[in-house]
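# Structural features, examined
The chain contents come next:
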Amino acid sequence: MTNTFLNTINYSIEKFCDSLGFNKTYFHQFLNCSQKQAPKFLNPNDDLKQLKVIDLISILDNLDTKHRKIILDNLCQKYDFVCLDSAITQSNNISLEHILLNITSTNGELSSNFLQALEDGNISHDENKLLKEIAYKFRSLLRIFEFKINGISND
């Protein structure tokens, strides 16, 4: 799982850098390390990596919300938590009806993909991965719904 996590960090940094139009090798400038030290904990293929919590925080602090959430989602999935976007949980613009419609839609998507995966009697690795992603999205929506109704009852 550590390799998957570092691959996720690597992917997020690459995409973030691409979106800003600069090369990933320059990302070390945002971290407390030299360009030579950066690959030690940014390279998922380096078995001698020593990614410290402070390094992870530095990485997260220097990414945008979208890419920060990719990394946090990966951590949450590993430990069976759900990462909620604070903008969604703090926004009063999203109605409970909208959230419930998304829950229903995602449940349908999960059921449909599960039935499709069962057709050949064997759930492949890719099908398993897709089902996990949809199930995670479903749990996120349920947590947002719970958060919203708790906010209503606490008012």
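Calculation notes
- Residues numbered from 1 in each chain as written.
- Predicted model: local features only at pLDDT ≥ 70, side-chain atom pairs only at ≥ 80, totals over all residues.
- Heavy atoms only, no water.
- Helix = DSSP H or I, 4+ residues; strand = E, 2+ residues; numbered from the N terminus.
- Buried < 20%, exposed > 50% of the residue type's maximum accessible area, 1.4 Å probe, protein only.
- Contact = heavy atoms within 4.5 Å.
- Areas by Shrake-Rupley, 256 points an atom, 1.4 Å probe, with all protein chains shown as cover.
- Core = buried A, V, L, I, M, F, W, Y, C linked by side-chain atoms within 4.5 Å.
- pLDDT = per-residue confidence, 0-100.
- Salt bridge = Lys/Arg side-chain N within 4 Å of Asp/Glu carboxyl O.
- Patch = residues over 30% accessible without salt bridge, like charges linked within 9 Å, V, L, I, M, F, W, Y side chains within 5 Å.
- Polar contact = N/O pair within 3.5 Å; in protein donor to acceptor, adjacent residues only side chain to side chain.
- Expected span 1.5 Å × (residues − 1).

### Describing the overall build of the chain
- Along its length, the chain carries seven helices and zero strands.
- Beginning at the N terminus, the succession of helices and strands in the chain can be written as α-α-α-α-α-α-α.
- In the chain, which comprises 155 residues, the share counted as buried stands at 30%.
- Within the chain, contacts between residues separated by at least 24 positions form 61% of all contacts whose residues are at least 6 apart in sequence.
- A total accessible area of about 10300 Å² is found for the chain, and carbon and sulfur atoms account for 52% of it.

### Topic: the environment of Glu109
- As for its placement among the helices and strands, Glu109 is situated in helix α6 (residues 96–118).
- Residues Glu109 and Leu131, 22 residues apart in the sequence, show an inter-C-alpha distance of 9.2 Å.
- Residues within four places of Glu109 in sequence aside, it is in contact with Ile134 and Lys137.

### Topic: the nonpolar core
- Formed by 14 residues in total, the largest nonpolar core has its most connected members in Ile9, Ile13, Phe27, Leu56, Ile59, Leu63 and Ile71.
- At the level of elements, α1 (2–20) and α3 (53–61) are the ones that each hand at least two residues to this core.
- For this core, the element with the most residues is α1, which contributes six residues.

### Quick word on the confidence of the model for the chain
- Mean pLDDT over the chain stands at 80; residues scoring 70 or higher make up 83%.
- For the chain, the element scoring lowest by mean pLDDT is helix α5 (residues 86–90), at 56; α6 scores highest, at 92.

### Considering the pattern of salt bridges
- As enumerated under the stated definition, the model contains three salt bridges in all.
- Between Lys69 and Asp73 there is a salt bridge whose closest N-O contact spans 3.0 Å. Of this pair, Lys69 and Asp73 both sit in helix α4 (residues 65–78), four residues apart, which is roughly one turn of the helix.
- Taking the shortest distance from any N to any O, the salt bridge between Lys137 and Glu109 comes out at 3.9 Å.

### Focus: a nonpolar patch on the surface
- A cluster of nonpolar side chains, Phe114, Leu115, Leu118 and Ile123, forms an exposed patch at the surface whose accessible area comes to about 340 Å².
- Relative to the helices and strands, Leu115 is located in helix α6.

### Quick look at the environment of Asp64
- Structurally, Asp64 can be placed in the loop between α3 and α4.
- At a separation of 2.6 Å, a polar atom in the side chain of Asp64 contacts the side chain of His67.

### Considering the environment of Glu97
- Secondary-structure assignment places Glu97 in helix α6.
- Separated by 48 residues in sequence, Glu97 and Phe145 place their C-alpha atoms 9.6 Å apart.

### Details of α4
- Here α4 spans 20 Å end to end across 14 residues, near enough to the 20 Å set by a 1.5 Å rise per residue.
- Turning to α4, its buried residues number three or more, namely His67, Ile71, Asp73, Asn74 and Cys76.

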